Amino acid sequence: MSDIKIAMIEILTLGGIGLLILAIGILIWVFRKRKAVRCTERITGRIVEHIFRGGGVMLPIIEYRVSGRTYKTIRRFRGVITKKKISPGNLYVDKGAYVSEKDYLVIPMGAATNTKKMAEELWPVGERMTVWYDPDNPAKAFAEKKPEGMSITSVIFISMGIFLILLSLLIGYLITI
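Overview of the structure. (Residues numbered from 1 in each chain as written. Predicted model: local features only at pLDDT ≥ 70, side-chain atom pairs only at ≥ 80, totals over all residues. Heavy atoms only, no water.)

**Quick look at the nonpolar core**
Right, on to step 1. Counting residues in hydrophobic clusters, the biggest one holds 24 residues, and the most contacted among them are Met58, Tyr64 and Trp123.
Right, on to step 2. Looking at this core, the elements with two or more residues in it are β2 (57-66), β3 (69-74), β7 (104-109), α2 (115-122), β9 (128-134) and β10 (137-143).
Right, on to step 3. Tallying contributions element by element places β2 first for this core, with 7 residues.
Right, on to step 4. Apart from the residues lying within four places of it in its own chain, the contact partners of Met58 are Ile51, Phe52, Phe77, Ala97, Leu105, Ile107, Thr115, Met118, Ala119, Leu122 and Trp123. (Core = buried A, V, L, I, M, F, W, Y, C linked by side-chain atoms within 4.5 Å. Buried < 20%, exposed > 50% of the residue type's maximum accessible area, 1.4 Å probe, protein only. Helix = DSSP H or I, 4+ residues; strand = E, 2+ residues; numbered from the N terminus. Contact = heavy atoms within 4.5 Å.)

**Looking at the packing of aromatic side chains**
Right, on to step 1. Within this structure, the stated rule accounts for 3 aromatic pairs.
Right, on to step 2. Aromatic pair Tyr64 and Tyr133: ring centres 6.3 Å apart, planes at 25 degrees, arrangement stacked. Within this pair, whereas Tyr64 is found in strand β2, its partner Tyr133 is found in strand β9, the two being separated by 69 residues in sequence.
Right, on to step 3. Looking at Tyr64, the relative accessible area reads 1%, which means it is buried.
Right, on to step 4. On the basis of relative accessibility, which here comes to 10%, the residue Tyr133 falls in the buried class.
Right, on to step 5. Here the aromatic residues Tyr64, Tyr71 and Tyr133 are joined through ring pairs into a cluster of three or more.
Right, on to step 6. Above the ring of Phe142, the side-chain terminus of Lys35 is found at 4.7 Å from the ring centroid. (Phe/Tyr/Trp six-rings, centres within 6.5 Å; stacked < 30°, edge-to-face > 60°. Lys NZ or Arg CZ within 6 Å of the ring centre and 35° of its normal.)

**A look at helix α1 (residues 3-38)**
Right, on to step 1. Taking 1.5 Å per residue, 36 residues should reach 52 Å; α1 reaches 52 Å between its end C-alpha atoms and fits that length.
Right, on to step 2. Among all positions in α1, only Ala7, Ile11, Gly15, Gly18, Leu22, Gly25 and Ala36 are buried.
Right, on to step 3. For α1, the secondary structure elements touched by its buried residues are β10 and α3 (152-176). (Expected span 1.5 Å × (residues − 1).)

**Quick word on unusual backbone geometry**
Right, on to step 1. In the Ramachandran plot, Ser67 falls in the positive-phi region, its phi being about 50 degrees despite a non-glycine side chain.
Right, on to step 2. In this fold, Ser67 is placed in the loop between β2 and β3.
Right, on to step 3. Look at Ser67 and you get exposed, because its relative accessible area is 79%.
Right, on to step 4. Non-glycine residue Asp103 carries a positive phi angle of around 70 degrees.
Right, on to step 5. Structurally, Asp103 is set in the loop between β6 (98-99) and β7.

Below you can see the structure in the form of structure tokens.
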């Protein structure tokens, strides 16, 4: 097989992977947008616990009732930003987490970080929170606010897909020169 044919196979593979990643990013965005459009009913739920996913990520779990049945949903954010600032006076961090205006959860981190205490201060168990749910399927819901814009996950997938497609086109152009 000639070098040109091998290069073309590599370009098509790279472009195909880019197209696949782009499609995944678009699907994530479309499904999230569709869920947001369908969640039209509003109810008040209560925070019942918190989950901790590692890397400083902490999320409240909200319980709500619709037509006598109890459901739970997790408060999700557009993204999570951890700010690490380790200094002799800032080794242990147990406060300062907040939700930004653009719906990012911002978590300060130190050498030792007490995310449990931060979660309890930010979202006390028993506190009320608005839940938006789909009247046709109440298990599908958003807590506190419906998402606006694209999630960071869909932005990353779409950006990487476009980058790989453009890279394959650039390589193809450079080979043909």
